[in-house]
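# A closer look at the structure
Now for the letters of each chain:
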Amino acid sequence: NAGVTQTPKFRVLKTGQSMTLLCAQDMNHEYMYWYRQDPGMGLRLIHYSVGEGTTAKGEVPDGYNVSRLKKQNFLLGLESAAPSQTSVYFCASSKTSGGASGELFFGEGSRLTVL
Amino acid sequence: EDQVTQSPEALRLQEGESSSLNCSYTVSGLRGLFWYRQDPGKGPEFLFTLYSAGEEKEKERLKATLTKKESFLHITAPKPEDSATYLCAVPRGYKLSFGAGTTVTVRA
């Protein structure tokens, strides 16, 4: 019963470095999402995907790129990390549109610090 | 612009002291309102879906209600294990828009 798995769980980067966060789900879900969570601001959507090979921008996409080459994986990339990207990142998936069912399954988060 | 606002930001309760959390929204044509629970260091976990004004959902000590302008999450006789951050969300197309959450601490 893995559900949604995120790697790595913790990472410290220096400004300008690049990295990729990996999200894997074993529920055969079509929809996948990347959110960031900052104190007092709640969850904000970065990018999302409505199926294999598709991606779309969310509320705060600048500085991030994503890819969904396989249905079960959704990758979030930071090409040149900035201190403003220090946050906790959550991946989520849903069987049907999250906007319709409201039921998203979240991973446990990846805590990223950019120095 | 659609907005989801939760209050209070934090709530400290004594075990057994019932209370309510508020989620207000400004969304045209609401197509559902959703509640989640988030434990420290974990991802949010889905609790309830409410689709129409007057609807109520219950789970153990939690009851969620919905009006045309807001939703309430009532916690009846809470226990320390009910301590968590509670998030509400509304749909925006394929996606969900979340409030900032209410952090509930229940003391024994």
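What comes next concerns the included structure. Per chain, residues are indexed from 1 in the order of the written sequence. In the order they appear in the text, chains get letters beginning with A and ligands get numbers beginning with 1. Residues qualify for local features only when their pLDDT is at least 70, as the model is predicted, and side-chain atom pairs are given and counted only at 80 or more; totals for whole chains, interfaces and linings, by contrast, use all residues. Only hydrogens and water are removed before side-chain values are computed, so all heavy atoms of the structure are retained for them.

## Overview of the sheet that holds strand β7 (residues 64-67) of chain A
Residue and element names in this part refer to chain A. Pairing in this open sheet of four strands is antiparallel, and the strands run β1-β3-β8-β7 from one edge to the other. If you trace the sheet from one side to the other, it starts and ends with β1 (4-7) and β7, each paired once. With direction set aside, neighbouring strand axes in the sheet form an average angle of 20 degrees. In this structure, β7 lies alongside strand β8 (residues 73-78), joined through four bridges in antiparallel fashion. Across the sheet, Tyr64 pairs through a bridge with Leu78, a residue of β8. Each pair of strands is called paired provided DSSP finds at least two bridges between the two strands. Helix and strand definitions here come from DSSP, where helices need a minimum of 4 consecutive H or I residues and strands a minimum of 2 consecutive E residues; each element is numbered from the N-terminal end. What counts as an axis is a line fitted to C-alpha atoms, over the stretch in contact for a helix, and the angles between N-to-C directions run from 0 to 180 degrees.

## Observations concerning the nonpolar core
The nonpolar side chains of a soluble globular protein tend to be buried with one another. All names here are of chain B. In this structure, Leu33, Trp35, Leu73, Tyr86 and Val104 are the most contacted members of the largest nonpolar core, which totals 23 residues. Breaking this core down by element, the ones donating at least two residues are β2 (10-14), β3 (19-26), β4 (33-38), β5 (45-50), β7 (62-66), β8 (70-75), β9 (84-92) and β11 (102-107). It is β9 that provides the largest number of residues to this core, a total of four residues. Any two residues whose heavy atoms approach within 4.5 Å at even a single point are treated as in contact. When neighbours within four sequence positions are excluded, Tyr86 is seen to be in contact with Gln6, Leu21, Trp35, Tyr36, Arg37, Leu47, Leu62, Leu73, Ile75, Gly101, Thr102 and Val104. Put simply, a nonpolar core is a bunch of buried Ala, Val, Leu, Ile, Met, Phe, Trp, Tyr and Cys residues held in one set by side-chain atoms that sit within 4.5 Å of each other. For each residue, the accessible area found with a 1.4 Å probe, counting protein chains only, is set against the maximum for its type, and the residue is called buried under 20%, exposed over 50%, and partly exposed in between.

## Looking at the sheet that holds β3 of chain B
Residues and elements named next belong to chain B. Strand order across the open sheet formed by five strands is β1-β3-β8-β7-β6, with antiparallel pairing between neighbours. Looking at the sheet topology across the chains shown, the edges are occupied by β1 (3-7) and β6 (56-59). Strand after strand, the sheet turns through a mean of 15 degrees between neighbouring axes, direction not considered. Relative to β8, β7 runs antiparallel, the two being bridged by five bridges. By the bridge assignment for β8, Leu66 is matched with Ser71.

## So, the interface of chain A and chain B
On the chain B side, the residues contacting the 23 residues of chain A number 20 residues. Roughly 1700 Å² is buried in total at the junction of chain A and chain B, and carbon and sulfur atoms are behind 55% of that figure. By salt bridge we mean one thing: a side-chain nitrogen of Lys or Arg within 4 Å of a carboxyl oxygen of Asp or Glu. Inspection of the chain A/chain B interface yields one salt bridge. Among the ionic pairs, Glu108 of chain A bridges to Lys42 of chain B, the shortest N-O distance being 3.2 Å. Any N or O atom pair separated by 3.5 Å or less is treated as a polar contact, with the protein-specific requirement of one donor-capable and one acceptor-capable atom, and with residues adjacent in sequence counted only for side-chain atom pairs. Remark: the boundary between chain A and chain B carries five residue pairs in polar contact (both at pLDDT 80 or more). Any residue outside Ala, Val, Leu, Ile, Met, Phe, Trp, Tyr, Cys, Pro, Asp, Glu, Lys and Arg is labelled polar, Gly included; the first ten of those are nonpolar and the last four are charged. Each residue belonging to the side of chain A that touches chain B can be placed in one class, and the counts come to 12 nonpolar, nine polar and two charged. By buried area we mean how much accessible surface two parts lose on assembly, using a 1.4 Å probe and totalling the loss over both.

## Side note on the side chain of Ser87 of chain A
Residues and elements named next belong to chain A. Following the sequence through the fold, Ser87 ends up in strand β9 (residues 87-94). From its side chain, Ser87 meets the backbone oxygen of Gln37 in a polar contact 3.1 Å long. Setting aside anything within four residues of it in sequence, one finds Ser87 in contact with Arg36, Gln37, Asp38, Ser110, Arg111 and Leu112.

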